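What follows is each chain in one-letter form.
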Amino acid sequence: AQSVTQLDSHVSVSEGTPVLLRCNYSSSYSPSLFWYVQHPNKGLQLLLKYTSAATLVKGINGFEAEFKKSETSFHLTKPSAHMSDAAEYFCVVSPPMDSSYKLIFGSGTRLLVRP
Amino acid sequence: GAGVSQSPSNKVTEKGKDVELRCDPISGHTALYWYRQSLGQGLEFLIYFQGNSAPDKSGLPSDRFSAERTGGSVSTLTIQRTQQEDSAVYLCASSLYYRDTQYFGPGTRLTVL
């Protein structure tokens, strides 16, 4: 079965310092992987997606993620945090053999950015 | 352009009542999904519609839940005889075609008293 594990439920960083949100996936096949962000009382917004074209994926707002098959990881990074990055982040997998392409969400990581 | 819209944004109901939640996908999108976000279960898939094909209902938690999509556009999620554990945010997403990026609506927050 396909699944994702987000290793940290909460991450706190100071504004201007790097962000690292960790995600490991479980998949028998090469999966499609995503990061979504959810700001308070807002809908989910796609940050970036990996679909096997390139292992380093660049997304919106300066975020990027690297697909590492040997480590089954897809960690999200940003060089310098901004106050507006405070939100909940979800690592998501879509099983490649699934006919509906439904998304399977991790449990989420809440990012706090300190001034 | 217009994104996915959902109504109502908030719904408070009494246990045992039926509720209907509505989703208007992005115009032209053929695929539509319903998800549920709750404190205990996180974000979970409920149901998927693609064009005129039979829906994938594998995520519906009980037979009290049903959904339809009329004319390949608007979708309604119906919960009959609501229970307190149905309290959650119900999210709708649409994509241009199968395997394309899913765009989410703002959700409907359902509270069952």
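Anyway, here's the lowdown on the structure attached to this text. (Residues numbered from 1 in each chain as written. Chains lettered and ligands numbered in written order. Predicted model: local features only at pLDDT ≥ 70, side-chain atom pairs only at ≥ 80, totals over all residues. Heavy atoms only, no water.)

A word on the overall build of chain A
Put simply, the test is: Here a strand is any run of E in DSSP of at least two residues, a helix any run of H or I of at least four, and the numbering for each starts at the N terminus. Radius of gyration means the value over C-alpha atoms here, while the globule rule gives 2.2 Å times the residue count to the 0.38 power. When a residue's accessible area, from a 1.4 Å probe over protein chains only, is under 20% of the maximum for its type it is buried; when over 50% it is exposed; and in between it is partly exposed. Contact criterion: two residues are considered in contact whenever any of their non-hydrogen atoms come within 4.5 Å of each other. What sets the accessible areas is the Shrake-Rupley method with a 1.4 Å probe; for residues, cover comes only from the shown protein chains.
Each helix and strand counted, chain A has 0 helices and 12 strands in total. Against the compact-globule benchmark of 13 Å for 115 residues, chain A has a radius of gyration of 14 Å, which places it among compact chains. Taken over the C-alpha atoms alone, chain A extends approximately 45 × 30 × 20 Å along its principal axes. Taken across its 115 residues, chain A has 45% of its residues classed as buried. In chain A, 56% of the contacts between residues at least 6 apart in sequence involve partners at least 24 apart. When the accessible surface of chain A is split by element, carbon and sulfur atoms take 53% of a total near 5,500 Å².

Observations regarding the interface of chain A and chain B
Keep this limit in mind: Reported buried area values correspond to the accessible surface (1.4 Å probe) lost by two parts on association, with both partners' losses combined. Salt bridge, as applied in this entry: a Lys or Arg side-chain nitrogen positioned within 4 Å of an Asp or Glu carboxyl oxygen.
Tallying the contact residues gives 17 residues for chain A and 18 residues for chain B. Counting the surface lost from both chain A and chain B, the interface buries some 1,500 Å², and carbon and sulfur atoms represent 53% of this. Taken together, the links from chain A to chain B amount to 1 salt bridge. A salt bridge links K102 of chain A to D56 of chain B, with the nearest nitrogen and oxygen atoms 3.6 Å apart.

Here's the deal with the environment of Q80 of chain B
Residues and elements named next belong to chain B. Relative to the helices and strands, Q80 is located in the loop between β7 (75-79) and β8 (88-95). Residue Q80 is classed as partly exposed on the basis of its relative accessible area, which comes to 32%. Distance in space between the C-alpha atoms of Q80 and K17 is 6.6 Å, their sequence separation being 63 residues. Discounting chain neighbours no more than four positions away, the residues touching Q80 are K17, D18, D63 and R64.

Digging into the state of the cysteines
Residues and elements named next belong to chain A. Short version of the rule: What counts as a disulfide here is a pair of cysteine sulfur atoms lying within 2.5 Å.
Taken as a whole and judged by the stated rule, the model has 2 disulfides over all chains. What pairs with C23 in a disulfide is C91, and their sulfur atoms sit 2.0 Å apart. Of note, the bridge from C23 to C91 carries an S-S torsion of about -65° and is left-handed in sense. With C23 in strand β4 (residues 23-26) and C91 in strand β10 (residues 87-94), this pair connects stretches of sequence that are 68 residues apart.

Side note on the layout of surface pockets
Just so we agree on the cut-off: Site definitions follow a grid-based scheme: protein atoms alone, a 1 Å grid, a 1.4 Å probe that fits but cannot get out for cavities, and for pockets an open set with protein on both sides within 12 Å along at least five of seven lines, plus lining residues having an atom within 4 Å of a point. Grid points are joined across faces, edges and corners, and a volume is the space filled by probe spheres set on the points. All residues other than Ala, Val, Leu, Ile, Met, Phe, Trp, Tyr, Cys, Pro, Asp, Glu, Lys and Arg, Gly among them, are scored as polar; the first ten of these are nonpolar and the last four charged.
Approximately 680 Å³ is the volume attributed to the largest pocket. What lines the largest pocket is a set of 28 residues, and nearest its centre among them are Q38 of chain A together with Q37, L39, V89 and R109 of chain B. Listing elements by their share of the lining of the largest pocket, those giving two or more residues are β10 of chain A together with β4 (31-38), β5 (42-50), β8 and β10 (108-112) of chain B. A total of 4 residues in the lining of the largest pocket trace back to one element, the largest contributor, which is β10 of chain B. Residue composition of the lining of the largest pocket, by class: 9 nonpolar, 15 polar and 4 charged.

Focus on the pattern of salt bridges
Residues and elements named next belong to chain A. Within this structure, the stated rule accounts for 8 salt bridges over all chains. Here D8 and R22 are joined by a salt bridge, their closest N and O atoms 3.0 Å apart. Of this pair, D8 sits in the loop between β1 (3-6) and β2 (10-14) while R22 is found in the loop between β3 (19-21) and β4, placing the two residues 14 residues apart along the sequence. Measuring nitrogen to oxygen at the nearest pair gives 2.8 Å for the salt bridge that ties K78 to D85. There is no split in this pair, since K78 and D85 are both buried.

A short note on the pairing of β4 of chain A
All names here are of chain A. Where we set the bar: Paired strands, in this sense, are two strands between which DSSP finds at least two bridges.
Side chains C23 and Y25 project from β4 onto a buried face, and the interleaved N24 and S26 project onto a face without burial. Inspection of the sheet shows β1 paired to β4 by 4 bridges, in the antiparallel sense. Opposite T5, over in β4, you have N24 as the bridge partner.

Overview of the sheet that holds strand β3 (residues 19-24) of chain B
All names here are of chain B. Stated formally: The axes are straight lines fitted to the C-alpha atoms, using for helices just the contacting stretch, and the angles between their N-to-C directions are given from 0 to 180°.
Spatially, 4 strands are ordered β1-β3-β7-β6 in an open sheet, and the strand pairing comes out antiparallel. Each of the sheet's edge strands pairs with one partner strand only, and the pair in question is β1 (5-7) and β6 (65-69). Here the average twist between neighbouring strands, direction ignored, is 15°. In this sheet, β7 lies alongside β3 in antiparallel orientation, the contact comprising 5 bridges. Bridge pairing in β7 links R22 to T76.

Note that all results are geometric; they support no functional claim without further evidence.
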